[in-house]
Structure formats: C-alpha cells, structure tokens
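Residue strings, one per chain:
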Amino acid sequence: MSATDITTRDERLSQLLRNSKPGYTLPQAFYTDPEAYAFDVSAVLTRSWFMLGFEAELQEPGDYLSVTLGPHPVLIVRGRDGVIRGFHNTCRHRGAQICAEGSGRLPRIVCPYHQWSYDLTGKLLAASRMPEGLDREAHGLVPVRVELLEGCIYAALTDGAPDFEPFRVAATPYLKPYRLAGARLAHESVLIEKANWKLVMENARECYHCATGHPELKVSFPVVFGAGFRVTDGSRNAAYVEAMRARGMQVGPETGLWWHVGRYPLNPGIESVSLDGKPVVGPRLLDTGGEAIGGLRWATEPNSFCHAFTDYAFMFTAVPSGPQETRVISKWLVPREAREGVDYRLEDLTAVWTRTNLQDRDLSENNQRGVNGLGYRPGPYAPGAEELVIRFNNWYRATAAECLGIR
Amino acid sequence: MSATDITTRDERLSQLLRNSKPGYTLPQAFYTDPEAYAFDVSAVLTRSWFMLGFEAELQEPGDYLSVTLGPHPVLIVRGRDGVIRGFHNTCRHRGAQICAEGSGRLPRIVCPYHQWSYDLTGKLLAASRMPEGLDREAHGLVPVRVELLEGCIYAALTDGAPDFEPFRVAATPYLKPYRLAGARLAHESVLIEKANWKLVMENARECYHCATGHPELKVSFPVVFGAGFRVTDGSRNAAYVEAMRARGMQVGPETGLWWHVGRYPLNPGIESVSLDGKPVVGPRLLDTGGEAIGGLRWATEPNSFCHAFTDYAFMFTAVPSGPQETRVISKWLVPREAREGVDYRLEDLTAVWTRTNLQDRDLSENNQRGVNGLGYRPGPYAPGAEELVIRFNNWYRATAAECLGIR
Amino acid sequence: MSATDITTRDERLSQLLRNSKPGYTLPQAFYTDPEAYAFDVSAVLTRSWFMLGFEAELQEPGDYLSVTLGPHPVLIVRGRDGVIRGFHNTCRHRGAQICAEGSGRLPRIVCPYHQWSYDLTGKLLAASRMPEGLDREAHGLVPVRVELLEGCIYAALTDGAPDFEPFRVAATPYLKPYRLAGARLAHESVLIEKANWKLVMENARECYHCATGHPELKVSFPVVFGAGFRVTDGSRNAAYVEAMRARGMQVGPETGLWWHVGRYPLNPGIESVSLDGKPVVGPRLLDTGGEAIGGLRWATEPNSFCHAFTDYAFMFTAVPSGPQETRVISKWLVPREAREGVDYRLEDLTAVWTRTNLQDRDLSENNQRGVNGLGYRPGPYAPGAEELVIRFNNWYRATAAECLGIR
C-alpha cells in the first residue's frame, strides 16, 4: 500500500483505539477486519519477538527450522560456527521460498528454483548464469533477528522489536534448572483455528474458562490461578513459596510489557501435567534429583506460552495466517536420553495439551462468530481472573499506538 | 469502517444507483463487490424484517432458534411468560456466541465460554469472578426486534426496520384459516448457493423460468402466473375468484413496499403442490373441512416467501453469507397431529420443493458467473412475467437510497 | 469501482511502477495484492490477446468453446457461414452465463435461464414474454474480438488490444507447414495453481530452472536455450540452421512486443518431445514427409506458448482466476487421422508436458510463498538465461504504463 492508503487505514484504527476503553475487549474491527489484520502483520507483529522453538531442534550445523509468520517465511539455521541465525526465507533472485516449511539439515542454503546458493551465514555463494558483475554482497539473504534464551529461540522480523535483554536477565535463573538446550523434540502439532490471532491469544491468557472448558487439564493444573500466576496471593500456597525459597529458587512472577515468567504449584499431590498427574517420562528434565517443584511458566507477547515440569516442557505458539485464521504450533520437549516407547509413550505425553488445544480451538472459533455480529460490544475483563488477558490487551494497545504514532 | 471510509463507499454506490435504470437489473457492483455486500449487511439488511421460522418451533419456555444473518448471530427464545423475544447471540463479556446455530431448549441463557448467565428476558443474572460493582443492567443481551404473525416469526436487527403493522393487518385474515401456530416442523434444509443474495431472491421472485427450469413444480403450480399472483387478471381464474368470494375469503393480492400476500388457484384438478398434485399429509392444516382452496402465498423483502396448501406449508428464506454466497433455509410445516410414516412420508412431503431449490441453486450460480463478466449490462425485466422481481428491485433501490440518504 | 477509487488505486500502482527497475522482478504488490489483480483483469488483460485453442475444436457450425478469463466468461462459436466469432458469454436479460464452461455444439445460443435466444452471430432472435417494443438490435450478445492464425484462435476482450497483423504476417510462414487447422484435439487438462498469473508466466518463460526442475523434459528439449530461442547464437546449432536454410525454412526468432516465434533443434538424435525422444504419434502433423525438423515455438503475452513437433502440437495457457490463483489450460493436438490406441497412446502423448506442468506448478506456488514475505526484494533477471522473462516483464511494464497513462 502507498503512504496515502496506509495513512487512511491507520487514521481509522487510531480513531477506534483512542475511543476504546482499556480493561475492555478491543473494538470489533481489530478482531474482524482484513485491514486490521494487514496492520497487525505489517506493523505490530514485525516489532515483536516470536518464540519459534528450541535449540534442541538444531543440533548440528546446517540444521534448520522453516516457519511462516503471517505471510512472512522465515528460516532459522545453525551455522558451521555453531551460531544460530535467522533469515527471510526468500531468494534474492526471483523471490522463491528457499526451504519448505518444516525442518531438516542442509550443507548450504540452495534455492530450489534456479539453484542460487548461500552459505549458512546468508552470503550469496553462487548464482549460475548471472553476469560476472553481479554484486554478491548486495544479494545475500535478508537477516532476521534471533535471540536465544536457555535453549529457546526467539526471532523478530525487524529492528523495531524491543530490547531483549531485560527478559533474558529476568528469565535465565528460572529456566536454567531445566535442561532445555540439551533436550529433544518429542512431538510437534499444528492446528488451524478459524479465529483472529488476538482471540486465540486472549483465550490462551486466562484459565477463567478452564474449570468447565478443560476437564483433563484441571486434574493437575491449578485452574483457579490464571490471575497472573501470583501464587503469593493465596494462603494455600504459602508452603510452596516457602519450599522454593528454602531451595533458593525464585517464584516470581517477574514481568515486562511483553514477557512474564514465574513458578507455581501444581494441584495437591500432582507431579506433572498429565491425565493422572504422574510424570509421563522416565528421565527427568529438571536437575533437581527427581523432586517435583511444580511448574514453570514463561510467556511472551504476541504469541507464546511455555510450561516446564519435572519431566517435560510444552510450548504453545499462535501464528496469524489470515484475518480470521490462526495456526497454533505446539511442541513437546523431553530429556534427550528419553526413548519413545521405553521411557515414555507419546500418547501419554501429549494427551492433556492436545485435548486442551482442541477445546481452546472450539472456544476461540465460537468467540469469533459472536464478535462478528452487530450485537458485539467491547466487554469488561475480570481484573483478577483475566489479569493476563488485560496484560495482553495492554501490550497490544501500547504497541499498536506506537506503530500508529499516537502514544 | 470509519465515517470517512463509509462515505467513500457510499458515494460510489450512490453514484452507481443514481445512474441506473429502474426496471433493469442492478449495476454490476451490487451483485459482485465485497463493499456492496458490506453495505447490504450493515445497512440495507439491518433495516429489514427477516422471516426466521415459526412459533411452532418454540413450544415451551426456553425453546430457542439460533440463526446467523450475514455475520450477525441472532437468538430467538420463548420466555417463561410465553413471550418470544430476540437477542443478538453475543455474550457481553468477551463476545462469544452463546448458543450454537440450530435449535434446542435451555433453562437460562449461559455462555459456554465463562458461564455468564442471562435469564430468558436477556437480563444478566451471574458473572462469576467479576468484581462486585459490575453493572448488570448495563450488560444484558442486546435485544433484537421480534414480531409474530399468525404463527410466523419475523425479526429485525435494529430499530430502522419499517412499521410491521400494515403487513400484520393485511395478512392476518389470509393466514388465519391455516393453523400455523399450532402446527409442527416436519423438516428443515439448508443449501449453500454460490451467488449474491439478491440474485437468489430475484430468482425466487419469478416463475418466468419455471416452465423449463422446474419440471416437478409445474405439475401442480400455476407457473404461468408469477406476474404478481394477480389471478383476477386471467379469465381462466374467474371460477376460482368466484368460489373464494362465495366463502368470504379474500383473494388479493395485497401489497406493501416490502410485503405481498394473496391466494391463487393450483392447476386444474390439483389439490396440493406435490409430485402428483394430491395431498401428501393425511390431517389437514387448513380448517376448511378438507376442501382444497388453492394456495396462499405470503412474501417479505428482503428474503422470504411462503406457500400454504390444504395439507402443509413451506417456507423459503435466503440468508446472505458472503458477497457471492447465500444460505437458503427451507422449512416444511405439517398439522401437529400428523405422524411421520403414518400420516405422511417425508420424501413425498419434501420432493417438489427440494428439487425446485436445487434447480434454483444451479440457475442462481450460473447467473452469478455471467454477471461477473465484462459483458454484463443491466438488462430489462419483463413487466408482466417479472413483476415481483421488479418489486424486489424497487424495494432494494428504495431501501438502499434511504440508507445512502439520496432519496 | 468509481473513477475516484480507480484513481487512488492507479496512483499507487503508478508510483510503484515508476520507482521500480526494468530488468528486475516487479514490486511485491503486483504479485500479491487483490487491487493489483483487479487492475490486471480490468485493464492489462482486457487489452491483450488470449490464445484460447484451435479451429480444429470447432469443426462444424454451432461448435463452441466456453472459457472464463479472470472473471469474464467468453464464448467462441463457429457460425453457419463458417466464421468463428466471439461473444461475452452473458445473457442480455438477467446476466446469466449462457453456455457452461467447456465445449459442445448448439443450433442457436439459448440462455438456460429464460430461454432468450440468439443466432450464431449473436443477434437476439426471441425473448418470450418481453414486451413487443423490446429493441432486439440493442440486446444482442456483446462481441469479443477473434483472430485466427493458421488454425489457432486468439481473442481480445476489448478494442484496446494491439494490432494483430504484424504477428500474423510474421508467424504464418512458420506455422503453415504444420496442419493445425485440420488437426484434432487429443487431450486437454486444467491445473489450478496457487500463484499469481505473472509468476506462472515468468516460470513459463525460461528454462533456467529446467535442468534441475524438469528431468523428463530435458531428455528431448534443449534446456540450455531459453535465451530467446536464438539458436543462431550457439555454434553447436550451425548445422541445424544450415539445414533449415537449405529447406527454405526460416529459423527466426521473430518478435514483437507481445509475440515471439522461432524454430529450434531438439537434443541430438531426438525427433519429438517425449519420454524417449521418439515420435509418439504414427501419422505426421508436419508436411515434410516424415522428416523431423526440430521444434517450432510461438508464444504471446500475456498467457500462452505453443510447441509443434513432427507428430503433435502442445498449447500452454495461463488464465488468472484470483490474486494468487491461476488456471493452466493445456491442449494436445494430433493429426486428424491419428486414432487413439492405434496410432498413439494418450499416456505417451501427454507424459512429458503433464509432468512438466506439475513441476512448474510446485515451483510457481513456492515462488508465491517467498514473494509474499517481508524479505522479498525485486531481484535481477539473468540477461541471457531469462531473456524471455525480461521480455514478459517489459511487456507488462509497458502495457500497465499505458493503462495507467504514465508512458
């Protein structure tokens, strides 16, 4: 779009945002309108950190992840020097996507169309049949920012994303006891949801709906939380907080505008999030000598939350794929030494979160249908039960305002 | 959209409408353009009465119908006081759709997302985990207007719909002899048609195409009519008109800008619209002691027509679902005491209109394909054979002009 | 759209085009944006010649082809006088599509909706139930321009298409030795590709990708060409050029802004494009007494290329069907006397081009995915290997500039 068109669109969105109330759901257009989606994928989301997966998926030089964020294909690859880098997954010749979505290993980055070849740092090595004078320096892959956090991979499409350091500093001590960098990807799933990504994320940011919506999850997960995982608020959790302190472990939560990390107790007598609350993997992910210490949750706006338990970790990410369509990508990490069929059964490992995801899909799609109607009015969030939704909403309002230049 | 955007769109549509000729099909954009569709569902259709179904479907308190008009989910429910009310089917909390599309019975209206509960009058009863100070009066379900006419349910999304009374006054004596309020829904069907709703309705407003297009219908139905069902025009019908007068029954038709009602004779020797022209239901719907008196047709813009015969009634409604997609919802009513398999066979009851609907779907989709092309020119309606299409076209022109402020 | 809206859109496209570099792929919006697609189908493509098929498909009076170009349904029909004419395939009454997509034979052109009848010259013959005063002259089918070239049928939607004569004059001597007008359609295929039509055509205009992308094609086809089929450039082809000259046959290529025709040698020892390089049809298409003379290629912007060999001819056309969707229609012509199962096996005839088409579909769809991303930058074409892509790109730039009034 031209500057003029973007101005028109942005004026409209600015006006809607200015006239809307914090603490309430967004004006209808933000959940329904193709132009608001275009704004999100070209502005809000290009200034954000996306969680993409784990270092454990890229063990060797040349190992890559290829994902598409909105319309933007992205490639994450480990170099010969061991460094993990990110690139726009688009050839500088005719614009073909270089690596198909998914993962794999490659010695060089070769476009399947006309075999333009790049090294693992994105430098153009060869472009057959191009004139001698082709400026190779000017035709390398366009870089994408990558940050690593104790084995987790985050990427940002542009330099407009916020400073990563505060999150890294705060989250590192929480994550360190889990051996994520040395773990192994046991399972990955992709779910298409017919709902705007912000409705998917609002759903993912509260457990107000869990008691009725997630019968399997609530067996082990403290669904009455959700209020920011501030376990210090409840007297019931005093013993947990005390036990963690005795270990020298922080409970948190600690937060920034776009991130959140904290520990929490599971339900009484529960060791892990599984159908029966018992660990589902033999070897332990957590280096505490087998002792369960509840759960660890870390989450980033716009699109991720993770939970780590004594035996496995779970990642949830929502990737926008249309005004009213979102792809939910989930990953399960286990200790590297755990053997499928021997140390764990995949069905047991994935049972709770798979069902939870499917239930959430139905809730989000139903939410979309209601939001589409003439009867939709922005509604109030519950200050406690929906605290993290309010945080998401505030983050979106702030980032959109910044993109729109109205802050 | 902002006031500015709507102004731009509406200026364009106003210009097209002003430059177009009454008595001719509409300018291309009205049948093809996503913006014209947005105009229709947000303006023209929110000022219109939609026929939704029958009181007979809501026998008991808590019985409901959930339908979606364009993008707008709507809920119709019978209260404990027996009154039938309408609501936007969108929760005032996070905007979820409350009742899934279809029908059923419920003691209260409970949102499946976070269990906000409303009574059958739409009043908010409970919103767990919300602060004490929540203003319940301000968070009831948003009402939708409902009018009943001798057992038929009509709804309007806003107060912009026209006065219902003239239609009620005119139509009541025609409908009264049929016992619709006490009948029973025997069958319902939904058909997706890849055509703009106005093409579907133009097709539904004439029988110029019936002689070749509907071989089953033409056995019983006087397909040479269609010219406004003005049976008094043809000498052939003099006996029919005389017989009705002798009974003290009006023949009509009587009309308003957006409604039409009248009686007509079926083909010679025919008692009902069925494959062989004989009644398909044992018990009679009509309280004339078993004597056939032809058909009764009542129709409303934008989207319905109904026919009642001696033994059953048929409802056709077209619900826009996209710029070039429409859902046709049909219902068949029989006397409440009629037992399926004993007093009627469902296959016989539905044979003619089901085939007619499928034939009309093909005609409408083919119409859409032709209208999409560069060779499309607004064409002339036949003043007689397409009289009711001209009425639809005039109603649309008038309502659109009113919405656009160009009257 | 109104003049105002078109102005806005066109200003944006003009600005993008002016700021872009010839010799490079187009700005992103031209490959991705719904508005650019609307511009293409309403402006660029309505001023272009489309290859639709062959006279051989319309042997008798009343034989027709019905195709849809973008949203525009078109009808090509042979009259009683033997003349082949084109019409917009849209009835002048209510705008229905008259002939379903495909081919067939009809005595008159009768709309299936209300039986308005036109003769084979498009004149309105009958419109039942219309008033006496209907001006039949004013309600004939809207004509489409048709040109024939040695058995090939080309059509243009408006008078804005360029002069056909230079192409006819140049191409006739090349095409004449092939007996296309008297041949027979042996096979036709349609392939849906999820890519903008310009990406499909860029793919179809080079063989830079053939060595790795088309293992079956490269057996027989000189994939190292592609550089404008200028066979005179390579010393390897001197013998071929000499042999053609000895026969009095031009080699070419000859070119206009939007057309290209030339002969070329197949790989050494190869007689036709087939899996093993041997002819796949017994009788010969080419009137050279059975002697192979390589291939003949003729191609037109925006959407076609054809190859003729000693035994068969192949047509490739790309028809836009959405911003990121294209229908590829291919046809195989054989000598009329060739009998399937006796003189040729359909599987052998179609093997190479069917596989090549499927491979090209994957390449084009992958190209689209990469072009959609934030990392897309217009990239440089190889001046030699992509000469015909540069020609396509230049043609598009010139035609778009003309439509936009910026030349």
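S.K.: What's the story with the relation of the copies chain A and chain C in this structure? I'm lost.
M.R.: The two chain copies are related to each other by a rotation about an axis together with a translation along it. Mapping chain A onto chain C is achieved by rotating through 120 degrees and translating by 0.1 Å along the same axis, at an RMSD of 0.0 Å. Such a combination of rotation and displacement between the chain copies is what one expects of a three-fold axis.

S.K.: Got a minute to help me understand helix α10 (residues 387–404) of chain A in this structure?
M.R.: For the α-helix, the turn length of 3.6 residues means that residues three or four positions removed from each other point alike. An ideal rise of 1.5 Å per residue puts 26 Å on 18 residues; α10 of chain A measures up with 25 Å between its terminal C-alpha atoms. Two residues or fewer after α10 of chain A comes Gly405 of chain A, characterised by a positive phi angle close to 70 degrees.

S.K.: Would you take a moment to explain the pairing of strand β2 (residues 63–69) of chain B for this structure?
M.R.: Every regular strand shows the same layout, with side chains that alternate between the two sheet faces. Residue and element names in this part refer to chain B. Buried residues dominate β2, accounting for seven of its seven residues. With burial as the criterion, each face of β2 is covered, one bearing Asp63, Leu65, Val67 and Leu69 and the other bearing Tyr64, Ser66 and Thr68. The pairing of β2 with strand β5 (residues 102–105) spans four bridges and is classified as antiparallel. Within the sheet, the bridge partner assigned to Asp63 lies in β5 and is Arg105.

S.K.: Help me understand the pattern of salt bridges in this model?
M.R.: Any two side chains of opposite charge can pair if their charged atoms end up close together. One pass over the structure, following the stated rule, counts 69 salt bridges over all chains. The partner of Arg94 of chain B in a salt bridge is Glu206 of chain A, with the nearest N and O atoms 3.0 Å apart. Taken together, the positions of Arg94 of chain B in the loop between β4 (84–88) and β5 and Glu206 of chain A in the loop between α5 (197–204) and α6 (210–213) put the pair across two chains. Each member of the pair, Arg94 of chain B together with Glu206 of chain A, is buried. Across the salt bridge formed by Glu57 of chain C and Lys331 of chain C, the nearest N and O atoms sit 2.8 Å from each other. With Glu57 of chain C in the loop between β1 (50–54) and β2 (63–69) and Lys331 of chain C in strand β17 (residues 325–335), this pair connects stretches of sequence that are 274 residues apart. Exposure class is identical for Glu57 of chain C and Lys331 of chain C. Each is buried. In the salt-bridge network here, residues are joined through shared partners; they are Arg94 of chain A together with Glu202, Glu206 and Glu386 of chain C.

S.K.: It is not clear to me how unusual backbone geometry should be interpreted in this structure. Could you clarify?
M.R.: When glycine is set aside, most residues are seen to have a negative phi, and most peptide bonds are trans. Put simply, Gly252 of chain B and Pro253 of chain B share a cis peptide bond, and its omega is 0 degrees. For Pro253 of chain B, the location among the structural elements is in the loop between α8 (238–247) and β12 (254–255). The backbone of Glu150 of chain A sits at a positive phi, close to 50 degrees, despite the residue not being glycine. Looking at the secondary structure, you find Glu150 of chain A in the loop between β9 (143–149) and β10 (152–156). According to the relative accessible area criterion, Glu150 of chain A is partly exposed, its value standing at 24%.

Rules and cut-offs
Along every chain, residues carry numbers that run from 1 in the direction the sequence is written. Ligands are numbered from 1 and chains lettered from A, in the order in which they are written. Totals for whole chains, interfaces and linings use all residues, but because this is a predicted model, local features are given only for residues with pLDDT of at least 70 and pairs of side-chain atoms are given and counted only at 80 or more. Side-chain metrics rest on all non-hydrogen atoms present in the structure, leaving aside hydrogens and water. Copies are brought into register by a least-squares superposition over C-alpha atoms of residues with pLDDT of at least 70 in both. Where helices and strands are cited, they refer to DSSP runs of H or I of at least four residues and of E of at least two residues respectively, numbered from the N terminus. Helices are assigned an expected span. That span is 1.5 Å times one less than the residue count. Here the term buried applies to any residue with accessible area under 20% of the maximum for its type, exposed to any over 50%, and partly exposed to those in between, with areas from a 1.4 Å probe on protein chains only. Two strands pair if DSSP finds at least two bridges between them. For this document, the term salt bridge refers to a Lys or Arg side-chain nitrogen within 4 Å of an Asp or Glu carboxyl oxygen.

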